[in-house]
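Understanding the architecture of this molecule
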Amino acid sequence: MRTETRDALVEQLCGFERLLEVGVGTRTDVAAALAATGADVTATDVHDRETPDGVDFLRDDVVARSERADPGPRYDVDAVYALNLPPELHRPTRAVADAVDAACYFTTLGGDQPAVPVRRVTLPGETLYVARDR
């Protein structure tokens, strides 16, 4: 990810105290940068992942979590976000954000269009989709 893209994403998200990144994978630069601002950041993925200092990790499946009325205390956040989120995870990610009354932001893979209603925010090198404001 380009530095200016990462910085723009962090600027959009840094106003939240508690954040959850869905599907962190191996690209942890945004989570690390948010944690460096003093935010409480938890990263999730269906596979075990290494996360940088200051970023908690939770092995979890957002699809299964979205089917619960209460996603649980680890999901008690102000914002849920995901980077390069595939369309089949747009609705479950939004559902989790709805359940905990959190904002929901994501980027997509290449030309994928959002599978949920969104507001678009143009960033350097990226479109950020706002599926739920807080």
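These numbers were taken from a predicted model, which means no experiment stands behind them.

Notes on the pairing of strand β5 (residues 103-108)
Counting buried positions over the six residues of β5 gives six, a clear majority of the element. Residues A103, Y105 and T107 line one face of β5 and the alternating positions C104, F106 and T108 line the opposite face, and both faces are buried. Here strand β4 (residues 79-85) pairs with β5 via five bridges, running parallel. If you follow V80 over to β5, its bridge partner there is C104. The pairing of β5 with strand β7 (residues 126-132) spans three bridges and is antiparallel. Paired with F106 across the bridge in β7 is Y129.

A short note on the nonpolar core
Counting 24 residues, the largest nonpolar core has L19, V30, L34, V41, Y81 and Y105 as the members making the most contacts within it. Counting only elements with at least two residues in this core, the list comes to α1 (3-13), α2 (29-36), β2 (40-45), β4, β5, β6 (119-123) and β7. Ranked by size, the runner-up nonpolar core spans 18 residues in total, among them V22, L85, V100 and A102.

A short note on the packing of α1 against α2
Between α1 and α2, the shortest axis-to-axis distance is 10 Å and the interhelical angle comes to 50°. The orientation of α1 relative to α2 falls into the category oblique. Here the hand of the crossing between α1 and α2 comes out right-handed. Touching R6, L9, V10 and L13 of α1 are D29, V30, A33 and L34, all from α2. Looking at the contact of α1 with α2 residue by residue, the class counts come to six nonpolar, no polar and two charged.

Rules used throughout
- Residues numbered from 1 in each chain as written.
- Predicted model: local features only at pLDDT ≥ 70, side-chain atom pairs only at ≥ 80, totals over all residues.
- Heavy atoms only, no water.
- Buried < 20%, exposed > 50% of the residue type's maximum accessible area, 1.4 Å probe, protein only.
- Helix = DSSP H or I, 4+ residues; strand = E, 2+ residues; numbered from the N terminus.
- Pairing = 2+ DSSP bridges.
- Core = buried A, V, L, I, M, F, W, Y, C linked by side-chain atoms within 4.5 Å.
- Axes fitted to C-alpha atoms, helices over the stretch in contact; angles between N-to-C directions.
- Parallel < 35°, antiparallel > 145°, perpendicular 65-115°, else oblique.
- Left-handed = near helix turned anticlockwise from the far one by under 90°.
- Contact = heavy atoms within 4.5 Å.
- Nonpolar A, V, L, I, M, F, W, Y, C, P; charged D, E, K, R; others polar.

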